Amino acid sequence: MAAPRSYVLWSYCGRGWSRLVRTCGPRGLHSSLPAGSLGVRFLSQEKHATQTHFGFETVSEEEKGGKVYQVFESVAKKYDVMNDMMSLGIHRVWKDMLLWKMNPLPGTQLLDVAGGTGDIAFRFLNYIQAQHQRKQKRQLRAQQNLSWDEIAKKYQDEEDPLGGSHVMICDINREMLKVGQKKASDQGHKAGLTWVLGDAEELPFDDHKFDIYTIAFGIRNVTHIDQALQEAHRVLKPGGRFLCLEFSRVNNPLISRLYDLYSFQVIPVLGEVIAGDWKSYQYLVESIRKFPSQEEFKEMIEDAGFQKVTYESLTSGIVAIHSGFKL
Amino acid sequence: PLWRSVLRELWDINFAPLTVRQTSAAMTTLWLRVSLLYPDHIPTSPLQKALLAAGSAGMALYDPYRHDMVAVLGETTGFYTLKVLRDQMRRDPEGTQILQERPRISLATLDMDKLRSLPEGSFGREYLRFLDVNRVSPDTRVPTRFVDDEELAYVIQRYREVHDMLHTLLGMPTNILGEIVVKWFEAVQTGLPMCVLGALFGPVRLSARKLHVLVSELIPWAVHNGHRAPCVLNLYYERRWEQPLAALRKELGITAVPPCMQGLA
């Protein structure tokens, strides 16, 4: 039985065969295929030192970065539309909840890593501006009887609506940044934004620069998550906060099954119909399954040096917001 | 065959993920990836095929420039029709040759200079003229991905690549009217659900005048010729470049192009 099967695989797979060789961790393959006849050494359960996962595929670490880049290059233009379609608009609520948790004050220096299309950054700016407007309204109510001097002074002082707040949007992918920049100009965000091309594992910033570091739906695509966490620790000021919004493990078994069904059956189809790209969205749902659970990720954040690390699961654990402080 | 039973077993697992845990989902995906039947193959469960068919049909109607959606619709709905087509090809000697040799039509396999040097009125020269006048290229076809049989994947790929030949044979340009006429011809010839759907729903966006022309002259002509002609997939077009187009049309029983469309292709 084994010989004909391997012949079939060999003749049909070609390229797929080399993928099989690298992904033979699962026990099922170990017993059924004769290693000797094909001259291949199976890897059993241990992974190679420089191997990592790309969705459910196993690739070398050098390859993963390039492949992730290609995925985001091809999805960039339809990224926002697809997010809305896949999450039925719920991703907006998740991102809003991240901002509510963050509760930034005017004057905050925010670093938004993997923030390509700018969702978090724009929400941050809107939040600060809304705060500023509320403050102005309160001031107006309190100051109903001003002297003429004070009124004249008010016309002269041009108060910065952002109060010195600034957001640095860093992304490794040029296409995503381009889409984000276009969105910014469409929505009218001019001040308080800077766009930087950079790698989360090696940020192009000095130490102790930012008050808040956020990474929304980006950290699972990073090849070395621990390095990204260490970089986050480095660039934050003492007292700074690390916030991560990411897909996580669903805690409810029924919802987990429905979620799996939806993820594997519907999402790649949506990707094909709307964006013309099945494989990128297959990678997306697989990479979500590969990401560590809430507790494991919390431990990774603690290992990087953060303290008071907490997490909050949203929508039964489909996403989780992890928060840590550099003290 | 072995791979078919493996595939069927995997489809069952994949279609009922309610009984599958996460590690098994990974295993299933791994096995599906391993059981690729051809390089671009993406194995899909029946549910995914149904969703794809519905989604691609809707998207193709919404945005007619999404040719890849038309292709996906064809692949997901045409499995049984492709079997009938493949059997038809097997019964014909030229068709069997095509199935065995699997010729592909692309810029890499076509000898453009040789085609250009052919005499006027020959099939190859007219085909090249069609490509130039309508500014199309044989390389814009998406590869087959969702057909779960390697030979049928080739049959549908051949059907797509032969589409341009049909334009030349029928003398139809690549505007919307011409495409609908060719779709009607193909629907009658192949019976592919995608062709039938395209033929029925394509005219939805036409103006009343064009619709009148279509219904009164072009569709009857296309249907009549579609019935008369033998299976167009059985022609080894690559060996017929030198054959005069008129002779080829006579062989297939294709009558003169209707006057409203003459000289456009």
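Residues numbered from 1 in each chain as written. Chains lettered and ligands numbered in written order. Predicted model: local features only at pLDDT ≥ 70, side-chain atom pairs only at ≥ 80, totals over all residues. Heavy atoms only, no water.

1. Looking at the UniProt feature "binding site: S-adenosyl-L-methionine" (unreviewed entry) in chain A
Residues and elements named next belong to chain A.
Moving on, step 1. Here, UniProt's "binding site: S-adenosyl-L-methionine" (unreviewed entry) annotation points to T117, D171, D199 and A200.
Moving on, step 2. Within the secondary structure layout, T117 lies in the loop between strand 3 (109–113) and helix 8 (119–142).
Moving on, step 3. When near neighbours in sequence (up to four residues on either side) are disregarded, T117 contacts Y79, D80, F122, M176, V179, G180 and K183. (UniProt positions renumbered as here; feature names shortened; annotations may be inferred. Helix = DSSP H or I, 4+ residues; strand = E, 2+ residues; numbered from the N terminus. Contact = heavy atoms within 4.5 Å.)

2. Describing the pattern of salt bridges
Residue and element names in this part refer to chain B.
Moving on, step 1. The tally for this structure, following the rule as stated, stands at 34 salt bridges over all chains.
Moving on, step 2. The salt bridge partner of R116 is D132, with a shortest N-O separation of 3.6 Å. Pair noted here: R116 is in helix 7 (residues 112–117) and D132 is in helix 8 (residues 123–134), with a separation of 16 residues, a long-range link.
Moving on, step 3. For D132, a relative accessible area of 43% puts it in the partly exposed group. (Salt bridge = Lys/Arg side-chain N within 4 Å of Asp/Glu carboxyl O. Buried < 20%, exposed > 50% of the residue type's maximum accessible area, 1.4 Å probe, protein only.)

3. Some words on the packing of aromatic side chains
Residue and element names in this part refer to chain B.
Moving on, step 1. Scanning the model with the defined rule gives 16 aromatic pairs over all chains in all.
Moving on, step 2. On the basis of an interplanar angle of 85 degrees and a centroid distance of 5.7 Å, the ring pair of F79 and Y80 is categorised as edge-to-face.
Moving on, step 3. Residue class for Y80 comes out exposed when judged on its relative accessible area of 63%.
Moving on, step 4. Between the aromatic rings of F123 and W241, the centroid separation amounts to 5.6 Å while the plane-to-plane angle is 15 degrees, which identifies the pairing as stacked. Of the two residues, F123 is situated in helix 8 and W241 in the loop between helix 12 (208–228) and helix 13 (245–252); the sequence distance between them amounts to 118 residues. Of the two residues examined, F123 and W241, each falls in the buried class.
Moving on, step 5. Following the ring pairs from residue to residue traces out a cluster consisting of F123, Y127, Y237 and W241.
Moving on, step 6. The ring centre of Y236 lies 4.1 Å from the NZ or CZ of R239, which sits over that ring. (Phe/Tyr/Trp six-rings, centres within 6.5 Å; stacked < 30°, edge-to-face > 60°. Lys NZ or Arg CZ within 6 Å of the ring centre and 35° of its normal.)

4. Considerations on the UniProt feature "binding site: Zn(2+)" (unreviewed entry) in chain B
All names here are of chain B.
Moving on, step 1. In the UniProt entry, the feature "binding site: Zn(2+)" (unreviewed entry) is given for H163, D164, H167 and E179. Annotated residues spanning 17 residues; largest pairwise C-alpha distance 10.2 Å, indicating a single compact cluster.
Moving on, step 2. Among the structural elements, H167 can be located in helix 9 (residues 150–170).
Moving on, step 3. Judged by relative accessible area, H167 falls into the buried class, the value being 0%.
Moving on, step 4. Look past the residues within four positions of H167 in its chain and what remains in contact with it is F130, M172, P173, T174, G178, E179 and V182.

5. A closer look at helix 12 of chain B
All names here are of chain B.
Moving on, step 1. With 21 residues, helix 12 extends 29 Å from end C-alpha to end C-alpha; this agrees with the ideal 30 Å at 1.5 Å per step.
Moving on, step 2. Largest kink in helix 12: about 40 degrees, centred on L214.
Moving on, step 3. Listed in full, the buried residues belonging to helix 12 are L214, L218, I219, W221, A222, N225 and G226. (Expected span 1.5 Å × (residues − 1). Bend = angle between axes of the 7 residues up to and from the residue.)

6. Quick notes on the sheet that holds strand 9 (residues 319–325) of chain A
All names here are of chain A.
Moving on, step 1. The strand order across the open sheet formed by seven strands is 5-4-3-6-7-9-8, and the pairing between neighbours is mixed. Of all the strands in the sheet, the pair left with one neighbour each is strand 5 (193–197) and strand 8 (307–314). Put simply, the sheet's adjacent strands are angled 15 degrees from each other on average, direction ignored.
Moving on, step 2. Sheet analysis places strand 3 next to strand 4 (residues 166–171), joined by five bridges and oriented parallel. What sits directly across from V113, in strand 4, is C170. (Pairing = 2+ DSSP bridges. Axes fitted to C-alpha atoms, helices over the stretch in contact; angles between N-to-C directions.)

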